[in-house]
Each structure stands twice: as structure tokens, then as C-alpha cells.
Amino acid sequence: MIRKSFRGEIFFYFLVVFILFTAAILTFQYQREKRYRTARLENTLDNISEITYRFIEQNNLIEKNDLNRIGEIQTLFPQPNIRITVIAPGGEVLFDSSADFKQMENHLKRPEIEKAIQNQKGANIRYSETTLEDYYYYAKKYPRYFIRTAVVYNVQIQNFLEAESIFIFFIIGVFGIIGTILFLVTGKMADAITKLKDFSIKAGKNELVEPDTSFPENELGIIGGQIIRIYHKLKKAKDELSNEREKLLNHLNALNEGIAFFSPQLKKTLSNRHFIQYVNIISKKPVQTIEDIFQMEEFKKLKKFLKKNQVNQKIDNSETLPQLNYILSAGEKYFKIQSIIFLDNSFEVMISDITRLEKRRLMKQQLTSNIAHELKTPLASIKGYLETMLNNWPVPQEKQKYFLEKTFLQSERLTDLINDVSLLNNIEDAGELFRFKTINLKTIIDEVYENFVNRMNEKSIRFSSSVSDRTIINGNDSLLFSVFQNFIENSINYGGENISITIHLYHEDDKYYYFSYSDTGSGIPEEHLPRIFERFYRVDHGRTREMGGTGLGLAIVKNAVQLHKGEISVRNRPLGGIEFLFSLAKK
Ligand code: ADP
């Protein structure tokens, strides 16, 4: 569809009005002209009738029966081809200038004659079959006869238009002038309208619209300017709102919780990424849309809560908004579901993954009972030795020493255990409290070696380390000390005699050092390897206890390595012995 411009439309209507107006004027003029010419013609014919009448009377042409003489005056008339007929009162034709009157029928019923009988004169326009032209017939009644004159009647439109060409040019001229004025006047209006049109198209397509669009200073211009100003205000408000919404969404996405807001009709209005992820973890089937939660068995409690609280909500105090809070488990994971219904009956649902917290709670529970169990053994021993001594007092001196030494050993174990438990707890719960500084790892290894060199020599254990002075780590010295201490102590305790210990820096990149700690001892049976870093996990309970191990050594090692942003794994060496591979962050 071709859209007309505002200006084009105005000109179209202007043209229609002009044509109608011109046509009306011309028709009116034409009618007037026709009447005027007819009157003039009638006047002429009346004169001719009079002249003919006098000519007949003066020359007594009726009496003399010599009407043919009328032809003599005919040439004197200015109009050519004037037909003159003389008709008796009874209607018989007495004379006709252009036909054989003896052949002509009775003329009493001719309209012009009928009129003349009544009004002395009468006229009629008729088509003549003989000449194929319109004739104007004019009849006049005289005492003894009628004289009828006739002439070709051609007041034609074409002639008229030719005659009126000046008038038509004049009208066109007037139209031109009015058109030009209209053009200039509509120009300003069209300008405002065009600008408004361009603006509305751009605004509709969401394209950028400059706020300083200048409008002509007329009412349309003012309206246009005002519309654009209002548009910009609204757009600004909308942009600000969507900015805020964006911020909110970014914030929601950064949260660990899944959050979704719903309308009272259970339609989602806003949600973050975690929400759909968590819903999918909870659901056994894949979930497409967030609203599907209202069909899920796991969210039945939520639906019940909404049903109960949404309908009759008449709260005017936002502090008592109805809230729901429950925990559900999905496979290995635990989720906390929370919901709050707002005053307008819309509501939010929050899903938090509390697996870690929950697992930690369970682990702590287990740890506490493990610790209690572990503490019982040395305590029971101490109590046992002391009881034996007391019950058998006086105990011989060498026996006393024996019991006291045993008691002392057990109290040492107790101390070790308590130290290890508190170290582990500190790493886990307050890792950030360990002070990190630049450390030369070689000095740590040397120090540990010094501590154990005697025990190693006793068991003929060879020790070698490829860690050089240049291995600089951002770390905590006491934690790193415990890492190597635990490794070496384990090798001494469980590896057997006549073995080699090797510490090797096998790789480095710009972020990490990669180490291997290995011994050529007995190794660990393959089935135990996956659990070796768990707390209190021992391969051989009785033997390990004897060796004085707490079962916490490797758990401490793993946690300490992780606190240094590293990773650790374990494997048996193909030729026997154990190998730990671990990394430590440089900076
Ligand atoms: P503990 O403090 O009792 O030594 P760890 O967590 O350090 O506990 O070690 C767990 C178990 O792994 C030990 O009971 C031991 O059986 C085994 N183990 C650790 N290191 C070695 C090793 N170098 N050679 C053989 N077995 C080892």
C-alpha cells in the first residue's frame, strides 16, 4: 500500500474541491449563457415574424394568394437559412420557405403552435430528420394566421468552452496561486508531521533518536517537541529500570543460591541461573521451564504452603510475611528450600545447595565420635598402667620404671593426637589464619631431615632430595614442615628397613612446582589407596597404633597441600614402595 504524505493528501482534496467548484461554475455559466442566447434568438425570430407579418399585410399577400413573395425579404435577414412558415388558424400550411407546403400535413398539433394558441407565441426545439440538426421553432399568433420561424439551434458546449477559455485560464491561475499559498502554509505543518513520523518509525524500531530534534514554532511543532521530550523521559526511566534489573540479575547470578520470583499466578518473573540448575538436579526428569516445579513431587510442600497462604493473605505488616523453610535430599545432595509470599501475593523461591554444610555437619559428627574413640585408647592404657601399679603397690623399682615409661608413651600419643586434631581443625576451619610468606623449600626439607636422620640411620634408610635453593614458595613454614614430616615419618614407620626416600622436583610452570615424594618400602595395598587421605583411616589398625600413628597424618598433608593451592595424589611404584605426587603454588 502506498502511503500518501500529509501534504499529498491535502493537495489531493484541494484538487477535488477545485474541480468540483470549477465544474459547478462552468455548468452555471453554461446554463446562463444558454438562456441568454435562447432569449436573443427568440428576440431575433420575433422581429423576423413581425417584419414578415407587416410585409404580408402591406402587400395583401393573403388576398392575392402570393405568399411566395416572402422570399424577397428573406435575403434581408442577417441569419442565413431562416425558415419561414405561414399556417392558417385551422392548421393547414399556407406557405413554407424551404419545403413544398402543399405536401405538408396539418400543423395544429405542433407544440409551438399549441403554445401560440394559448399564449400568443410559443417555442420548441426539435430534431429535424431532413437536415439532421436541432431546430429552434418560434410561432406567433396573428389575427388571421400563424407565422412560424425556425433556425438551426447550436448553442454547443465546445463553442461555449472556447468562448469561456479566458475564464478557465483565470480559474487555473487562481488555483495555482491558492496552491502555492497552500504549499507554503502546509510546509511548516508537514515539516512537524514528517519529523514526528520519522521519530515514531525510529522509536518503533528502537533506534537511537536524538533528543534535540528541532520543530517549527507552531502548535504542531510544540506538540511534536513535547511528545519527543516525554518519550525521552520515559526511555530514560525505562533504561534506568532495565539497568537496575540487569544489576539485580548479575547479583542474583553471582549468588550461590538459586532464586526465582513468581507472579501470584505462578508465572516466573525473574530467576537466576542456579535456580534451573538446582531444579534439574532435584528432579528425576529433565525440567524445561521453571514453572514445572509446581508439578514436582519434591515441591509439594511449597505448593501446599502457597495454597494455604496466598488466598487469604490480608497482611499489612511486611515483617510477618509467610515463610516456608525445609530441607530435601536429592541423591548425594541436600537442598534447603525457602519461600516468602509478598504482600501482593507474588512470591520468591530460594534453593540453596547445603550439601557441603550438611556433609560437613555429618563429618564433624563422625569426627567427634572418632576422636572420642581415639582418645579412649591411650587414656584406657594410662588408666590401666596406673591402676596395675596402685593395686600391686609396692611395685618393684624396675617394674615401676617400665609402667611409667609406658604411661609416658601413651600420654605422648595423646598429645600427638590432640595436636593433629587441632592442626587439622585449624586448617579446615581457619585456613586463612595461617600466615603465608616467602619460603625456601630446601631449608624446610633440610630441617625435617635433621630431625629424622638418626631414626633413618637406625633403619638404614637412604635419603635424597633434588629440591634446590631456588625453589621459592609462598607458604606457611609450619604446615610445609608437617607435610614432609608426615611423609618421612610414614616411610620410617611403615616402609621397612634398608629403603630409599627420594624427593624430586619433576616439573614447574609459571604457577606451580610439581613434586614427587617416594620410598622403596612396602607400599600400600591397592584397595586402600582411594581412602588413604581420610581421617583416621589406617591400613592395618593394630600395627599402625603400635607405630604411634594417629591416622591423621595424610589428612593433614592433603589439607595443607590444598591450602597452598596445590593437589595431591598417590600411587604404588611399579618396583615396590609408594609415591605421592603433589603440587604447590609459587606465589
Ligand atoms: P598415621 O598418622 O597413622 O601414619 P597416615 O594418614 O599418615 O596415618 O597414614 C595412613 C596409613 O597409610 C597408615 O596407617 C599406613 O598404613 C599407610 N602409609 C602411609 N604412608 C606409608 C608408606 N610410606 N608406606 C606404607 N604405608 C604407608
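Since this is a predicted model, take the numbers as computed values, not measurements.

Caption draft 1: Spotlight on the nonpolar core. Counting residues in each nonpolar core, the largest one holds 52 residues, and the members touching the most others are L441, F484, F487, F515, F580 and F582. The greatest single-element share of this core, amounting to eight residues, is contributed by helix 12 (residues 477-494). Filtering out sequence-adjacent residues up to four positions away, F487 remains in contact with Y517, L554, V557, I568, F580 and F582.

Caption draft 2: Expanded view of the site of the ligand. What surrounds the ligand is a group of 18 residues, the closest being N490, Y494, D519, G551 and L554. Within the side chain of N490, a nitrogen or oxygen atom sits 2.8 Å from an oxygen atom of the ligand. When isolated, the ligand has an accessible area of 540 Å², and the protein chains bury 96% of it. Listing elements by their share of the shell around the ligand, those giving two or more residues are helix 12 and helix 14 (553-563). A per-element tally of the shell around the ligand places helix 12 first, with three residues.

Caption draft 3: Seen up close, the side chain of N476. Note on placement: N476 falls in the loop between strand 13 (472-475) and helix 12. At 2.9 Å, the side chain of N476 and the side chain of S478 are in polar contact. At 2.9 Å, the side chain of N476 forms a polar contact with the backbone nitrogen of L479. Apart from residues no more than four positions distant in its own chain, N476 is found in contact with F434, R435, F436, I439 and H564.

Caption draft 4: Summary view of the packing of helix 11 (residues 441-458) against helix 12. Running from N to C, helix 11 and helix 12 point in directions that differ by 30°, and their axes come no closer than 9 Å. When the axes of helix 11 and helix 12 are compared, the crossing they make is right-handed. Of helix 12, the residues touching helix 11 (which contributes L441, I444, I445, E447, V448, N451, F452, R455 and M456) are D477, L480, F481, F484, Q485, I488, E489, I492 and N493. Among the residues making up the contact of helix 11 with helix 12, the classes are represented as eleven nonpolar, three polar and four charged.

About the cut-offs
- Residues numbered from 1 in each chain as written.
- Predicted model: local features only at pLDDT ≥ 70, side-chain atom pairs only at ≥ 80, totals over all residues.
- Heavy atoms only, no water.
- Core = buried A, V, L, I, M, F, W, Y, C linked by side-chain atoms within 4.5 Å.
- Buried < 20%, exposed > 50% of the residue type's maximum accessible area, 1.4 Å probe, protein only.
- Helix = DSSP H or I, 4+ residues; strand = E, 2+ residues; numbered from the N terminus.
- Contact = heavy atoms within 4.5 Å.
- Near = heavy atom within 4 Å.
- Polar contact = N/O pair within 3.5 Å; in protein donor to acceptor, adjacent residues only side chain to side chain.
- Areas by Shrake-Rupley, 256 points an atom, 1.4 Å probe, with all protein chains shown as cover.
- Axes fitted to C-alpha atoms, helices over the stretch in contact; angles between N-to-C directions.
- Left-handed = near helix turned anticlockwise from the far one by under 90°.
- Nonpolar A, V, L, I, M, F, W, Y, C, P; charged D, E, K, R; others polar.

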